[in-house]
Amino acid sequence: MGVSKGLVLLAAPEGWRLSVLTVEGGMLCGHLADVPPDAGPAEARAAAAAMLMELARDVNAQHVDVMWDPPREPGSWAAQVTVAATPPSTCG
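In this report, we go over the structure that sits alongside the text. Since we're looking at a predicted model, the values are computed, not measured.

Any space left empty among the atoms is revealed by the rolling of a water-sized probe across them. Under the definition given, this model contains 1 cavity of 30 Å³ or more. Put simply, the largest cavity is a space of about 30 Å³. For the lining of the largest cavity, the secondary structure elements donating two or more residues are α1 (41-60) and β5 (76-83). Tallied by class, residues from the lining of the largest cavity come to 5 nonpolar, 3 polar and no charged.

The following block contains the structure:
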């Protein structure tokens, strides 16, 4: 997976779908397997953001912030992903 720059979350009858947009121009699509289809948007957004933050940390060794845009359409949310400030080293 490349470096993330955006996230799109869609409510669908079969469950929550998401797409991760990368700086390199790629797109990774899937669904939130651990979120039930009847979960509310706030729960789905929180799960999607947590998943993306974990992937960024594990795959790219980055800490990212996910900022959700106001919804433009019912059942659809978009977020901007930015690299967070590097946390201080805990190694001494």
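Turning our attention to the sheet that holds strand β2 (residues 15-22). The strand order across the open sheet formed by 5 strands is β3-β2-β1-β5-β4, and the pairing between neighbours is antiparallel. Each edge of the open sheet carries a strand with a single partner, namely β3 (27-31) and β4 (64-68). Taking each pair of neighbouring strands and ignoring which way they run, the sheet shows an average axis angle of 20°. With 5 bridges joining them, β2 and β3 adopt antiparallel strand pairing. Bridging from a neighbouring strand, V20 pairs with L28 of β3. Against the sheet, α1 engages β1 (4-12), β2, β4 and β5, with an angle of about 155° to β4.

The next point concerns the pattern of salt bridges. The final tally for this structure, using the stated rule, is 1 salt bridge. Here D58 ties to R57 by a salt bridge, and the two come within 3.4 Å at their closest N and O atoms. By relative accessible area, which is 43% here, R57 ends up partly exposed.

As a further point, take the packing of aromatic side chains. Given two aromatic rings, their pairing is described by the distance between the two centres and the angle made by the two planes. The tally for this structure, following the rule as stated, stands at 1 aromatic pair. Ring centres 5.6 Å apart and planes at 50° place the aromatic pair W16 and W77 in the tilted group. With W16 in strand β2 and W77 in strand β5, this pair connects stretches of sequence that are 61 residues apart. By relative accessible area, W16 is classed as buried at 4%.

Turning our attention to α1. Counted at 1.5 Å a residue, the expected span for α1 with its 20 residues is 28 Å, and the 27 Å between its end C-alpha atoms agrees. Considered for burial, the residues of α1 that qualify are A44, A48, A49, L52 and A56. The arc that holds the buried residues of α1, viewed along the axis, is 130°, so those residues lie on one side. Exposed residues pointing more than 90 degrees away from the buried face of α1 are listed as A42 and D58. Turning to α1, the residues buried within the fold contact β1, β2, β4 and β5.

Here is what the cut-offs are and how they apply
Residues numbered from 1 in each chain as written. Predicted model: local features only at pLDDT ≥ 70, side-chain atom pairs only at ≥ 80, totals over all residues. Heavy atoms only, no water. 1 Å grid on protein atoms, 1.4 Å probe; cavity = no way out; pocket = protein on both sides within 12 Å on 5 of 7 lines; lining within 4 Å. Points joined across faces, edges and corners; volume = space filled by probe spheres on them. Helix = DSSP H or I, 4+ residues; strand = E, 2+ residues; numbered from the N terminus. Nonpolar A, V, L, I, M, F, W, Y, C, P; charged D, E, K, R; others polar. Pairing = 2+ DSSP bridges. Axes fitted to C-alpha atoms, helices over the stretch in contact; angles between N-to-C directions. Contact = heavy atoms within 4.5 Å. Salt bridge = Lys/Arg side-chain N within 4 Å of Asp/Glu carboxyl O. Buried < 20%, exposed > 50% of the residue type's maximum accessible area, 1.4 Å probe, protein only. Phe/Tyr/Trp six-rings, centres within 6.5 Å; stacked < 30°, edge-to-face > 60°. Expected span 1.5 Å × (residues − 1). Arc of directions from axis to C-beta.

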